[in-house]
Structure formats: structure tokens, C-alpha cells
Amino acid sequence: DQQVKQNSPSLSVQEGRISILNCDYTNSMFDYFLWYKKYPAEGPTFLISISSIKDKNEDGRFTVFLNKSAKHLSLHIVPSQPGDSAVYFCAASANTGFQKLVFGTGTRLLVSP
Amino acid sequence: DAMVIQNPRYQVTQFGKPVTLSCSQTLNHNVMYWYQQKSSQAPKLLFHYYDKDFNNEADTPDNFQSRRPNTSFCFLDIRSPGLGDAAMYLCATSSSKETQYFGPGTRLLVL
């Protein structure tokens, strides 16, 4: 039972355009959501997060939107740059004493010049 | 720079031969995690240490063990690796419920 789903294995975008990566979840107990970026041969790097009390969080070119009723979140990258090409993982956690993350399977983003 | 370090980056072992993967951190975080990630799959939590308290996930095979001798170091022991244990093993740390920071991973190959 996959509680966090990233249904698009890959996404191709031109440099300068918007990249939109999507993530769906099934567990209504999740209250904290994160996006990680992963380059080949490196570990995941934290990108941005959002608490369930918010519906939007912005950090520079990266914005995460949360729609609790639809159990859906998305990551917007504007403008996309070739250096953004990586695998993006969505992760979620519930209110526990530690941050137990449940990850999606990732979306590979390719930004072409 | 404060960081999470994993050694070795690549490990080759033989079927059934015990292997130990190492993780160290300079972040002074109290929680350390071990994840297994197979190709095209999501990272899967194996267990974590909250300070000295070991917490095993219900579906983590008994073949996987862990040790945390001090705050900075955590080890993953695979007692009898099988072909299905070939994967990337990721170590992460966090300060209680704060963001997790990952190491570069160790890719394990079982022959």
C-alpha cells in the first residue's frame, strides 16, 4: 500500500519554463510534507517543506502548494534551470515523536537548454 | 562543514558474508535513520535511533541490525546478505522532528 504517490516517473521542461511536479497521498494523518532533490550518486537533499496548516510555501524559485481536501501537493519551479535536472522525491510524515518519512517513488526532471 | 558521511560509497560482498556499513555525522543530531532504496523505488525506512533508543520498523527483516555506539556514529549490519539486499543504503539524521539530512549513500552489491 503506497501512501505517497508520484504518478509521473519523468518530466521534461525547457529552460525558463515552469516545472510542476505532483504528489498524492492517502494517509489523512500526514501533517508535514517535504520535497527532496537527488542527483546521481548523491543522497537526497532537502528542498522545501510545508505544514498542513498552510496551503503554500515559497522559497526563491520553488513553491509548494498543498490541497488537503484533495490530498495533493505540488512543487513549482519557476524559472526552471538545467541545474534543476534531478530526481525529486515527495515525502510525508505524521505527528510522531520523530520525523518518520514516507517517500514517493520520485519524478525525474530534465530541464533542457 | 557539518555533514553526514557514509563509508564506503560502494561495497561488494558475497552471498551470505556479513557486511557492515558506516555512517557518521557532525551535526550533533539526536536521531539517526537507515533507509534502503532499490532501483526506481522510494527510500524505505529500516530503523532509526532516537538518542540511544533503537526503533525497528515492523517489516524490517531480522537480517538487518544496527548499532549506535555514540551520538556521531551509526552502523548497519547485514548478517547474511542475499541477492535481494542489493540496494542503495541511505543514512539520515535529524534533530527530533526537524528536517532529515541525508548522506551520499552506500551502494551494496551482492555477488
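Read on for an overview of the structure. (Residues numbered from 1 in each chain as written. Chains lettered and ligands numbered in written order. Predicted model: local features only at pLDDT ≥ 70, side-chain atom pairs only at ≥ 80, totals over all residues. Heavy atoms only, no water.)

### Observations regarding the overall build of chain A
Then, in step 1: Each helix and strand counted, chain A has zero helices and 11 strands in total.
Then, in step 2: Along its sequence from the N terminus, chain A presents helices and strands in the succession β-β-β-β-β-β-β-β-β-β-β.
Then, in step 3: For chain A, the spread of C-alpha atoms along the principal axes amounts to about 40 × 30 × 20 Å.
Then, in step 4: Taken over 113 residues, chain A has a buried fraction of 44%.
Then, in step 5: Within chain A, counting contacts between residues at least 6 apart in sequence, those at least 24 apart form 54% of the total.
Then, in step 6: For chain A, the computed accessible surface area is about 5400 Å², with 50% contributed by carbon and sulfur atoms.
Then, in step 7: Computed over 11 positive and 9 negative side-chain charges, the inter-centroid distance for chain A is 3 Å. (Helix = DSSP H or I, 4+ residues; strand = E, 2+ residues; numbered from the N terminus. Buried < 20%, exposed > 50% of the residue type's maximum accessible area, 1.4 Å probe, protein only. Contact = heavy atoms within 4.5 Å. Areas by Shrake-Rupley, 256 points an atom, 1.4 Å probe, with all protein chains shown as cover. Lys, Arg positive; Asp, Glu negative; His and termini not counted. Charge placed at Lys NZ, Arg CZ, Asp CG, Glu CD.)

### Here's the deal with the state of the cysteines
All names here are of chain A.
Then, in step 1: For the structure shown, the criterion picks out two disulfides over all chains.
Then, in step 2: A sulfur-sulfur distance of 2.0 Å marks the disulfide that ties C23 to C90. Here the disulfide of C23 and C90 is left-handed, its torsion about the S-S bond being about -75°. Here C23, found in strand β3 (residues 19-25), pairs with C90, found in strand β9 (residues 86-94); they are 67 residues apart in sequence, far enough to count as distant.
Then, in step 3: For C23, a relative accessible area of 0% corresponds to the buried category. (Disulfide = S-S within 2.5 Å.)

### Section: the interface of chain A and chain B
Then, in step 1: Opposite the 20 residues of chain A that make contact, chain B presents 22 residues.
Then, in step 2: When chain A packs against chain B, close to 1700 Å² is buried across both sides, 57% of that on carbon and sulfur atoms.
Then, in step 3: There are one salt bridge connecting chain A and chain B.
Then, in step 4: For K100 of chain A, the salt bridge goes to E57 of chain B, with nearest N and O atoms at 2.5 Å.
Then, in step 5: Across the contact surface, chain A and chain B share three residue pairs in polar contact (both at pLDDT 80 or more).
Then, in step 6: Looking at which element gives the most residues to the side of chain A that touches chain B, the answer is strand β4 (residues 30-38) of chain A, with four residues.
Then, in step 7: For the side of chain A that touches chain B, the per-class residue count stands at 10 nonpolar, seven polar and three charged. (Buried area = accessible area lost by both parts, 1.4 Å probe. Salt bridge = Lys/Arg side-chain N within 4 Å of Asp/Glu carboxyl O. Polar contact = N/O pair within 3.5 Å; in protein donor to acceptor, adjacent residues only side chain to side chain. Nonpolar A, V, L, I, M, F, W, Y, C, P; charged D, E, K, R; others polar.)

### Let's talk about the packing of aromatic side chains
Then, in step 1: One pass over the structure, following the stated rule, counts 14 aromatic pairs over all chains.
Then, in step 2: Ring geometry for F47 of chain B and F54 of chain B: centres 5.3 Å apart, planes at 50°, overall tilted.
Then, in step 3: Residue class for F54 of chain B comes out partly exposed when judged on its relative accessible area of 37%.
Then, in step 4: Plain terms: the ring middles of F64 of chain B and Y89 of chain B are 6.1 Å apart, the flat faces sit at 40° to each other, and that makes the pair tilted. Placement of the pair is F64 of chain B in strand β7 (residues 64-67) and Y89 of chain B in strand β9 (residues 87-94), with a sequence separation of 25 residues.
Then, in step 5: Residue classification places F64 of chain B among the buried residues on the basis of a relative accessible area of 4%.
Then, in step 6: Given a relative accessible area of 0%, Y89 of chain B falls into the buried group.
Then, in step 7: Through a chain of ring-to-ring contacts, three or more aromatic side chains come together here, namely Y36, F46, F89 and F103 of chain A together with Y33, Y35 and F102 of chain B. (Phe/Tyr/Trp six-rings, centres within 6.5 Å; stacked < 30°, edge-to-face > 60°.)

### Section: the pattern of salt bridges
Residue and element names in this part refer to chain B.
Then, in step 1: In total, this model carries five salt bridges over all chains according to the counting rule given.
Then, in step 2: Measuring nitrogen to oxygen at the nearest pair gives 3.2 Å for the salt bridge that ties D59 to K44. With D59 in the loop between β6 (53-56) and β7 and K44 in strand β5 (residues 44-50), this pair connects stretches of sequence that are 15 residues apart.

### Things to note about the sheet that holds β7 of chain B
Residue and element names in this part refer to chain B.
Then, in step 1: In space, the four strands of this open sheet follow the order β1-β3-β8-β7, with antiparallel pairing throughout. Pairing within the sheet leaves two strands with one partner each, and these edge strands are β1 (4-7) and β7. Going across the sheet, the axis of each strand differs from the next one's by a mean of 20°, ignoring polarity. (Pairing = 2+ DSSP bridges. Axes fitted to C-alpha atoms, helices over the stretch in contact; angles between N-to-C directions.)

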